[in-house]
Amino acid sequence: MLALSTNLEYGYTGIPNFGKVFFFFIGAIVSAVITANMYNSVLGIEEGLSAIAATKRTEYSIQNPVFATEVFILSLVLSVIITGLFGYLASYPALALREDFLAITLLVFGEAGRIFVRTYEPLVGGVFGMSGIPNPLNFIQDRALSSFIYSIFVLFMASITFILVERLVNSPFGRVMKAVRDDDLAAASLGKSIAKVRGQVLFISSAIAGAAGSLFTFYTQSIFPDDFIPPVTFYIISMVLLGGAGNNIGVVLGAVFLSLFERFTQTSTLSILGITLSLDISYIRYAVTGLVMILILFFRPQGIIPEGIVKTPLYKIIMEREKELKTQPKTG
Amino acid sequence: MVYLVIEEIVKNILQSLLVSSLYALGALSLTLSYRVTKIANFAVSEYVTLGAYTAALSTLRGIDPYTSLIIASVLIGLLAVMIDEAIYKPLYKKGSTPLQLLIASIATMLMIRYLWSIYADYRGILFLSSGYSIAPIIYLVNSPLTNLHILSLSILVIISLALYILLFKTRIGKAMRALASNPELAAISGIPVWRIRRITWFISGVLAGLMGGLWAYYTSIHTESGWRLLLWIFASSIIGGIKSIPLTIAGAFIIGFSENLGIWFANRFFGVDTAYKPIIAYIAIFVSLIVGRSKYWGR
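Small disclaimer: the values here were computed from a predicted structure and weren't measured.

A few points about the overall build of chain A
Phase 1 of the analysis: A count of helical and extended segments in chain A gives 15 helices and 2 strands.
Phase 2 of the analysis: Looking at chain A residue by residue over its 332 residues, the buried ones come to 46%.
Phase 3 of the analysis: When contacts within chain A are restricted to residue pairs at least 6 apart in sequence, those whose partners lie at least 24 apart make up 78%.

Considering the overall build of chain B
Phase 1 of the analysis: Within chain B one finds 11 helices and 4 strands.
Phase 2 of the analysis: Taking all 299 residues of chain B together, the buried fraction comes to 47%.
Phase 3 of the analysis: Sequence separation of 24 or more characterises 74% of the internal contacts of chain B that already satisfy a separation of 6 or more.

Re the nonpolar core
Phase 1 of the analysis: In terms of nonpolar packing, the biggest core is built from 171 residues, with F24 of chain A together with A235 of chain B touching the most fellow members.
Phase 2 of the analysis: Examining the composition of this core, we find that 14 residues originate from one element, helix α2 (residues 20-43) of chain A, more than from any other.
Phase 3 of the analysis: Those residues in contact with A235 of chain B that sit more than four places away from it in its chain are I255, A281, A284 and I285 of chain B.

Quick word on the environment of T233 of chain A
Phase 1 of the analysis: Looking at where T233 of chain A falls in the secondary structure, it is placed in helix α11 (residues 230-243).
Phase 2 of the analysis: Residues contacting T233 of chain A, with those up to four places away along its chain left out, are F18, G19, K20 and V21 of chain A.

Digging into the environment of I242 of chain B
All names here are of chain B.
Phase 1 of the analysis: Relative to the elements of secondary structure, I242 occurs in the loop between α9 (225-239) and α10 (245-270).
Phase 2 of the analysis: Separated by 210 residues in the primary sequence, I242 and L32 have C-alpha atoms spaced 8.3 Å apart.
Phase 3 of the analysis: Those residues in contact with I242 that sit more than four places away from it in its chain are T31, Y34, R35 and S237.

Considering α2 of chain A
Phase 1 of the analysis: The end-to-end C-alpha separation of α2 of chain A is 35 Å, in line with the 34 Å expected for 24 residues at 1.5 Å each.
Phase 2 of the analysis: Within α2 of chain A, 18 of the 24 residues are buried, which leaves the element mostly enclosed by the surrounding structure.

Let's talk about unusual backbone geometry
Residue and element names in this part refer to chain B.
Phase 1 of the analysis: Here the phi dihedral of K38 falls at roughly 60°; this positive angle occurs in a residue that is not glycine.
Phase 2 of the analysis: On the secondary structure map, K38 appears in the loop between α1 (2-37) and α2 (44-60).
Phase 3 of the analysis: The exposure class assigned to K38 is partly exposed, which follows from the 16 C-beta atoms found within 10 Å.

Description of the confidence of the model for chain B
Phase 1 of the analysis: With 90% of its residues at a pLDDT of 70 or more, chain B has an overall mean of 81.
Phase 2 of the analysis: Averaged pLDDT values over the elements of chain B bottom out at 64 in strand β2 (residues 136-140) of chain B and peak at 89 in helix α8 (residues 193-218) of chain B.

Observations regarding helix α12 (residues 248-264) of chain A
All names here are of chain A.
Phase 1 of the analysis: The end-to-end C-alpha distance of α12 is 24 Å, a good match for the 24 Å that 17 residues give at a rise of 1.5 Å each.
Phase 2 of the analysis: The complete set of buried residues in α12 reads N248, G250, V251, V252, G254, A255 and L258.
Phase 3 of the analysis: Looking at the packing, one finds that the buried side of α12 touches α1 (2-12), α7 (143-169) and α11.

Let's talk about the environment of I285 of chain B
Phase 1 of the analysis: Mapped onto the elements, I285 of chain B comes out in helix α11 (residues 277-291).
Phase 2 of the analysis: A residue is classified by how many C-beta atoms lie within 10 Å of it, and I285 of chain B, with 25 of them, is buried.
Phase 3 of the analysis: Distance from I285 of chain B to S237 of chain B, taken between C-alpha atoms, is 9.1 Å for residues 48 residues apart in sequence.
Phase 4 of the analysis: If we ignore the near neighbours within four places in the chain, the residues touching I285 of chain B are V108 of chain A together with F234, A235 and I238 of chain B.

Quick word on the packing of α1 of chain A against helix α10 (residues 194-220) of chain A
Residue and element names in this part refer to chain A.
Phase 1 of the analysis: Closest axis-to-axis distance for the α1/α10 pair is 9 Å, and the angle between their directions is 170°. With respect to α10, the axis of α1 lies roughly antiparallel. On α10, the residues touching L2, L4, S5, L8 and E9 of α1 are V201, L202, I204, S205, I208, A209 and A212.
Phase 2 of the analysis: By residue class, the composition of the contact of α1 with α10 is 9 nonpolar, 2 polar and 1 charged.

Calculation notes
Residues numbered from 1 in each chain as written. Chains lettered and ligands numbered in written order. Predicted model: local features only at pLDDT ≥ 70, side-chain atom pairs only at ≥ 80, totals over all residues. Helix = DSSP H or I, 4+ residues; strand = E, 2+ residues; numbered from the N terminus. Buried ≥ 20, exposed ≤ 12 C-beta atoms within 10 Å, placed from the backbone. Contact = placed C-beta atoms within 7 Å. Core = buried A, V, L, I, M, F, W, Y, C linked by C-beta atoms within 7 Å. Expected span 1.5 Å × (residues − 1). pLDDT = per-residue confidence, 0-100. Axes fitted to C-alpha atoms, helices over the stretch in contact; angles between N-to-C directions. Parallel < 35°, antiparallel > 145°, perpendicular 65-115°, else oblique. Nonpolar A, V, L, I, M, F, W, Y, C, P; charged D, E, K, R; others polar.

Here it is as structure tokens:
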């Protein structure tokens, strides 16, 4: 989902949002805060950030699955909207900065936000974060089963995201996005408001990131500011570059490929396979992220699957007609 | 009571002076390489880290601190040239955009940092203290002015003068300035573009290496040291407008002072938590970029 969101901004519209992880974080924060507060008010908890409160909340969710689900849905929806709004705000700097400075600005903005949340304790427990953000499926005793079901749900959300993004991108609006990316002066001269397009795109893509953040926080049932650092953004960007900026299938491939790589290079997975290494494997993962980015830039900047044409409904109709014409027998 | 405040102020001023001079070195490295090659070199953080490690390891072997600094800076200078030859230059020749080069520099930063971390982990030097001992020279209102202060400030002064002479009194410097303002015209005018580029990167690396080495003397270091400092280096450069030597140094001092003195002030009189320190740098960058020069704007 994050990769698709980045592709939307950067691949199609040319906005390098290096602060992506912060929007992911906002989604997580909104969900965490809303969930915790709702549980806390129902349970009458004052010290919401303590471990006892966390346990109480989790227990409550096990006994009250309906409530848990309601809170979950509410949090998800609000995460989407609020993060989207933040994204819209982020479009203002995008108005005039050159692309590499825009990248730095958004990176800085995101990291500043993270440090602020990390320091300001009352929000999500500062450096220590907060646990006890109960997953609505907690009532299912079998951990493996509930995790599995939740994963299916996330997959479902990701698929919806993909479909929505594909529809968005293969439409006249998609063409406008690319126009803003490639030649905004021309686009402006044709009457397209660049600022508005950027604002809309950032709203949508940030909303997606917010949803991802919400889903993530319910998955880990906690929120820790130090999970949302800039290397995460770089990781997502390398997925987009690897798969091919400007086309969604490629980006999904990139995400899947790198995620699998990450999974298979965890110490736990390797030990299952009987391989134990003396060095810290997470170093290799980041080093490889960097290496992958360099290799892509060198050898295949378009990514595994290059960008295609905007396939608007009209385009499809025209293509159909052409095919029909070709297969018709020649008369006369 | 007032005496106590003065004591704290002096302590902060001394702290700021030291840190600012180090940031200045790093910022000069960044500004120089950016002006001539148009690459926002995120990897400078790793040049600083490696410079720190080189100097620290060297002093631990018994080599005196001054020679160690020289070793560190020269090695990093060579590293910077190698990185350019291997990564930046080929991409530049392929016609990469500034953004793509920025991504490349980030990727390089990641690679260097984590490859080095693997090695450092293997050798058990993830955390390291150098063999340099900070010795106070004189005490100003109970706070020590140390040999490190003298060392770093004098290095800054010498380097600044050297850079000034290089850029404005030599032909090489003139070529560098030409390349900075108009690469195409410089190439046509017969300036050996690639040689000047190499020289630029070498100097940039030397500066970063010096910053790293001095930082290693200042405090104990770890593999993420450079990354932590990157923010301040960038902030210093950006506030200085990524323009000239004096402006960059001024930017570094503004950052260094606001980081120390500023936060102390906010903490003492407004109760602001010191953990908010980085926010100052972020706000500074943000404000500078948005409100500042039109150079950052446009396509």
